[in-house]
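Now for the letters of each chain:
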Amino acid sequence: PRHVIELAKKRLDQAVAGENWKYSPIGGLGGGATQSLNLLAHPDGPGLFRETLNWALTRTVVGYEFSYRFADLVTGVFGCSESSFASTLEAWSANGGEGHYAVLAAVLREVPNSFVFNEHDFVVRVLRAARAVGRASQRSISSSLFASALGGVRSSIPGQPSPMDLGMKERAEQMLASLAKSDPAHGLYTDIRAHAEAEIERSRAEGRMLDEEDTDE
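Conventions we followed
Numbers given to residues run from 1 along each chain, matching the order in which its sequence is written. Reporting in this predicted model follows two pLDDT cut-offs: at least 70 for local features of residues, and 80 or more for side-chain atom pairs to be given and counted; totals over whole chains, interfaces and linings ignore these cut-offs and use all residues. Note that the side-chain values use all heavy atoms of the structure and ignore hydrogens as well as water. Each helix corresponds to a stretch of at least 4 residues labelled H or I by DSSP, and each strand to a stretch of at least 2 residues labelled E; elements are numbered beginning at the N terminus. In this analysis, two residues are considered to be in contact whenever any of their non-hydrogen atoms come within 4.5 Å of each other. Note on areas: these come from Shrake-Rupley sampling with a 1.4 Å probe, and a residue is covered only by the protein chains present in the view. Confidence per residue, as judged by the predictor, is encoded in pLDDT with a range of 0 to 100. When two rings of Phe, Tyr or Trp (its six-membered ring) have centres within 6.5 Å they constitute a pair, described as stacked for plane angles under 30 degrees, edge-to-face for angles over 60, and tilted for the intermediate range. We call a residue buried when its accessible area falls under 20% of the maximum for its residue type, exposed when it is over 50%, and partly exposed in between, using a 1.4 Å probe and counting protein chains only. Lines fitted to C-alpha atoms define the axes here, with helix axes fitted over just the stretch in contact, and angles between the N-to-C directions of these axes take values from 0 to 180 degrees. Angle categories: roughly parallel below 35 degrees, roughly antiparallel above 145, roughly perpendicular from 65 to 115, and oblique for all the rest. Residue polarity is assigned by list, with Asp, Glu, Lys and Arg as charged and Ala, Val, Leu, Ile, Met, Phe, Trp, Tyr, Cys and Pro as nonpolar; anything else, Gly included, falls into the polar class. Cavity and pocket criteria rest on a 1 Å grid covering protein atoms alone: a 1.4 Å probe that fits but cannot get out defines a cavity, protein on both sides within 12 Å along at least 5 of 7 lines defines an open pocket, and an atom within 4 Å of a point defines a lining residue. Grid points are joined across faces, edges and corners, and a volume is the space filled by probe spheres set on the points. To define a nonpolar core, start from buried Ala, Val, Leu, Ile, Met, Phe, Trp, Tyr and Cys residues and group those joined through side-chain atoms within 4.5 Å. An expected span of 1.5 Å times one less than the residue number is assigned to each helix. Think of a salt bridge as a Lys or Arg side-chain nitrogen and an Asp or Glu carboxyl oxygen that are within 4 Å of each other.

Student: Report on the overall build of the chain, specifying residues and quantitative values.
Tutor: Summing up its helical and strand segments, the chain has 10 helices and zero strands in all. Traced from its N-terminal end to its C-terminal end, the chain shows the element sequence α-α-α-α-α-α-α-α-α-α. Across the chain, contacts joining residues at least 24 apart in sequence account for 72% of those joining residues at least 6 apart. When the accessible surface of the chain is summed, it comes to about 11,200 Å², and 50% of that surface belongs to carbon and sulfur atoms.

Encoded structure:
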């Protein structure tokens, strides 16, 4: 596994240095891809993941070019499906500084859209920890989780809300029921619910327009 990771790191550095957006650190895996090498399932996976996070910590100053590709490396090489994914991220960032949360934000932006709900306890704790570091870190983590929640393909009948938006609204409300308004996670789930409600209303408005067009014919 270590050789695979080192190769992916080398490819990532080459992509950043060459400003080549088409050059993937893991050859098409990661990011929007549905497949992963899932090295976190390997006995050495969590330890190698922590080493890779430490490696990224020295490169966050590179900016978006690195962060974007690093998320691809993590999802493509390690995957997000193992329970050790969230626990390793949380343990690694505990007592860390702004740099740790910058790396964490990069990774969380590319997690599946169900992550923010399935790993609710992690989300609550990591946002509290980020707030203790600073508002900028909290906003960065919250923004990444919000973006991840909105990812995925929506499919629906024209004029009807998509099941994804309906489910997002319902699950966000479930999360909010257990959170105080002062909790940093409350703002995140409120924003997710608001987005889902706006999309639901947009779909219903489209449906009303379609009904009016049918009536006019």
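Student: Lay out the confidence of the model for the chain in plain terms, naming residues and giving numbers.
Tutor: Considering every residue of the chain, the mean pLDDT works out to 88; 88% of them sit at 70 or more. Element-level mean pLDDT values for the chain span from 87 in helix 3 (residues 64-78) up to 97 in helix 7 (residues 120-133).

Student: Give me the lowdown on the packing of aromatic side chains, citing residues and values where you can.
Tutor: Any two aromatic rings considered together are summarised by their centre-to-centre distance and by the angle between their planes. Enumeration over the complete set of coordinates arrives at eight aromatic pairs. Between phenylalanine 49 and phenylalanine 85 the ring centres are 5.8 Å apart and the planes differ by 10°, which places this aromatic pair in the stacked class. Of this pair, phenylalanine 49 sits in helix 2 (residues 45-57) while phenylalanine 85 is found in helix 4 (residues 83-93), placing the two residues 36 residues apart along the sequence. Like phenylalanine 85, phenylalanine 49 is buried. Look at phenylalanine 115 and phenylalanine 122: their rings are 5.7 Å apart centre to centre, the planes differ by 80°, and that puts the pair in the edge-to-face class. The exposure class of phenylalanine 122 is buried, given its relative accessible area of 2%.

Student: I'd like a rundown of the packing of helix 5 (residues 98-108) against helix 8 (residues 135-149), residues and numbers included.
Tutor: Where helix 5 meets helix 8, the axes come as close as 8 Å, and the angle between the chain directions of the two elements is 10°. Viewed along their axes, helix 5 and helix 8 adopt a mutual orientation that is roughly parallel. Each of Glu98, Tyr101, Leu104, Ala105 and Leu108 in helix 5 lies in contact with helix 8, whose residues at this interface are Ser137, Ser140, Ile141, Ser144, Leu145 and Ser148. Residue composition of the contact of helix 5 with helix 8, by class: six nonpolar, four polar and one charged.

Student: I'd love a proper account of helix 5, names of residues and values included.
Tutor: Counting buried residues in helix 5 gives eight out of 11 residues, a clear majority hidden from the surface. Within the sequence span of helix 5, burial applies to His100, Tyr101, Val103, Leu104, Ala105, Ala106, Val107 and Leu108. Contacts made by the buried residues of helix 5 are with helix 2, helix 3, helix 4, helix 6 (115-118), helix 7 and helix 8.

Student: Could you give an account of the layout of surface pockets, naming the residues involved and the relevant values?
Tutor: Space inside the second largest pocket adds up to approximately 160 Å³. Around the second largest pocket, the lining residues are Tyr64, Ser67, Tyr68, Ala71, Ala102, Ala105, Ala106, Arg109, Glu110, Ser140, Ser143 and Ser144. Taken together, the elements giving at least two residues each to the lining of the second largest pocket come down to helix 3, helix 5 and helix 8. The element best represented in the lining of the second largest pocket is helix 3, accounting for four residues.

Student: Run through the nonpolar core, naming residues and quoting values.
Tutor: Generally speaking, soluble globular proteins have nonpolar side chains that are buried together. One finds Phe70, Phe85, Ile141 and Tyr189 to be the most contacted residues of the largest nonpolar core, which totals 52 residues. Beyond its immediate stretch of four places on either side in the chain, phenylalanine 85 contacts Leu40, Phe49, Val74, Gly79, Cys80, Val107, Val111 and Phe115.

Student: I'd like a rundown of helix 7, residues and numbers included.
Tutor: Given a rise of 1.5 Å per residue, 14 residues ought to cover 20 Å, and the 20 Å separating the end C-alpha atoms of helix 7 matches this to within 8%. When helix 7 is considered as a whole, its buried residues turn out to be His120, Phe122, Val123, Val124, Val126, Leu127 and Ala130.

Student: Break down the pattern of salt bridges for me, with residues and values.
Tutor: The final tally for this structure, using the stated rule, is eight salt bridges. The salt bridge partner of arginine 125 is glutamate 90, with a shortest N-O separation of 2.6 Å. Here arginine 125, found in helix 7, pairs with glutamate 90, found in helix 4; they are 35 residues apart in sequence, far enough to count as distant. Using a relative accessible area of 24% as the deciding quantity, one classes glutamate 90 as partly exposed. Two residues, arginine 202 and glutamate 199, come together in a salt bridge whose shortest N-O distance is 3.2 Å. Here the residue arginine 202 and the residue glutamate 199 both occupy positions in helix 10 (residues 184-216), the gap between them amounting to three residues, near one helical turn.

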